[in-house]
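Listed below are the residues making up each chain.
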Amino acid sequence: MEVVRTMAKADIRMPDDYLERLSQLGNRTDEVAERVLEAGGEVVLAKVKSRLSSVVGKGTKYDSRSTGELEGAVGLSPVKVDRDGNHNIKVGFSEPHSGGVTNAQLANMLEYGKSGQPARPFLKPAKSASRAECIEAMKRRFQQEVDGI
């Protein structure tokens, strides 16, 4: 008995108007990518701020000395294109901090803990919790951009 396997062939054609809009996007790709990334970044930023607020000054052995400076320093970077042509946006902390350590160091101490201070993660949980919402926000923004062409 011989088994013959054949592969099915399917032609899928996108609607002409959609293809035309995508082709028009060609010279606007960079600006659209920036707006799409910013839409997703805003979702992640909001989640990071919320999680950070929920851990700063909580569960400490001594009275909190929080000034709110770390929470005010979190923000989005501008969209940048790396050497491979990929567009990137980052959630991070601006500097400097007035307390002798950098905002990045304070965030690291909160996230991972230190001697005598347990970890109070906020970045990793924010990343996990915002993933699906971030993707949806970027999809919506991309569709708005394509529809606007």
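Source: prediction; values computed, not measured.

### Re helix α5 (residues 123–147)
Helix length check: α5, at 25 residues, gives a terminal C-alpha distance of 34 Å against a target of 36 Å (1.5 Å per residue), a fit within 8%. Along α5, the largest kink reaches about 50° and is centred on Arg131. If you check which residues of α5 are buried, you get Ala126, Ser130, Cys134, Ala137, Glu145 and Val146.

### Remarks on the pattern of salt bridges
Side chains that carry opposite charge are capable of pairing whenever their charged atoms lie near each other. Counting across every chain of the model gives six salt bridges. Residues Glu31 and Arg35 are paired through a salt bridge, measuring 3.3 Å at the closest nitrogen-oxygen approach. Of this pair, Glu31 and Arg35 both sit in helix α2 (residues 29–55), four residues apart, roughly one helical turn. With relative accessibility at 24%, the residue Arg35 sits in the partly exposed group. In this structure, the salt-bridge partner of Arg35 is Glu145, at a minimum N-O distance of 2.8 Å. Residue Arg35 is found in helix α2, and its partner Glu145 is found in helix α5; the two are separated by 110 residues along the sequence. It is possible to trace a salt-bridge network through shared partners that takes in Arg28, Glu31, Arg35, Arg141 and Glu145.

### What to know about the side chain of His87
Among the secondary structure elements, His87 is positioned in strand β3 (residues 87–88). Among the polar contacts listed, one links the side chain of His87 to the side chain of Asp30, at a separation of 3.2 Å.

### A few points about the environment of Glu69
Considering the arrangement of structural elements, one finds Glu69 in helix α3 (residues 69–73). Note: C-alpha distance between Glu69 and His97 (28 residues apart in sequence) is 7.3 Å. Apart from the residues lying within four places of it in its own chain, the contact partners of Glu69 are Pro96, His97 and Ser98.

### Thoughts on a negative patch on the surface
Taken together, the side chains of Asp30, Glu34, Glu38 and Glu42 define an acidic patch exposed on the protein surface. Relative to the helices and strands, Glu34 resides in helix α2.

### Here's the deal with the packing of α2 against α5
The relative placement of two packed helices is expressed as an angle between their axes plus a distance between the axes. As a packed pair, α2 and α5 sit with axes 8 Å apart at the nearest point and diverge in direction by 150°. Considering their axes alone, α2 and α5 lie roughly antiparallel with respect to each other. Of the two possible hands of crossing, α2 and α5 adopt the one that is right-handed. Contact residues: α2 offers Val32, Arg35, Val36, Leu37, Ala39, Gly40, Val43, Val44, Lys47, Val48 and Arg51, while α5 offers Leu123, Pro125, Ala126, Ala129, Ser130, Glu133, Cys134, Ala137, Met138, Arg141, Phe142 and Glu145. Within the contact of α2 with α5, the residues separate by chemical class into 15 nonpolar, two polar and six charged.

So, how was this worked out
Residues numbered from 1 in each chain as written. Predicted model: local features only at pLDDT ≥ 70, side-chain atom pairs only at ≥ 80, totals over all residues. Heavy atoms only, no water. Helix = DSSP H or I, 4+ residues; strand = E, 2+ residues; numbered from the N terminus. Expected span 1.5 Å × (residues − 1). Bend = angle between axes of the 7 residues up to and from the residue. Buried < 20%, exposed > 50% of the residue type's maximum accessible area, 1.4 Å probe, protein only. Salt bridge = Lys/Arg side-chain N within 4 Å of Asp/Glu carboxyl O. Polar contact = N/O pair within 3.5 Å; in protein donor to acceptor, adjacent residues only side chain to side chain. Contact = heavy atoms within 4.5 Å. Patch = residues over 30% accessible without salt bridge, like charges linked within 9 Å, V, L, I, M, F, W, Y side chains within 5 Å. Areas by Shrake-Rupley, 256 points an atom, 1.4 Å probe, with all protein chains shown as cover. Lys, Arg positive; Asp, Glu negative; His and termini not counted. Charge placed at Lys NZ, Arg CZ, Asp CG, Glu CD. Axes fitted to C-alpha atoms, helices over the stretch in contact; angles between N-to-C directions. Parallel < 35°, antiparallel > 145°, perpendicular 65-115°, else oblique. Left-handed = near helix turned anticlockwise from the far one by under 90°. Nonpolar A, V, L, I, M, F, W, Y, C, P; charged D, E, K, R; others polar.

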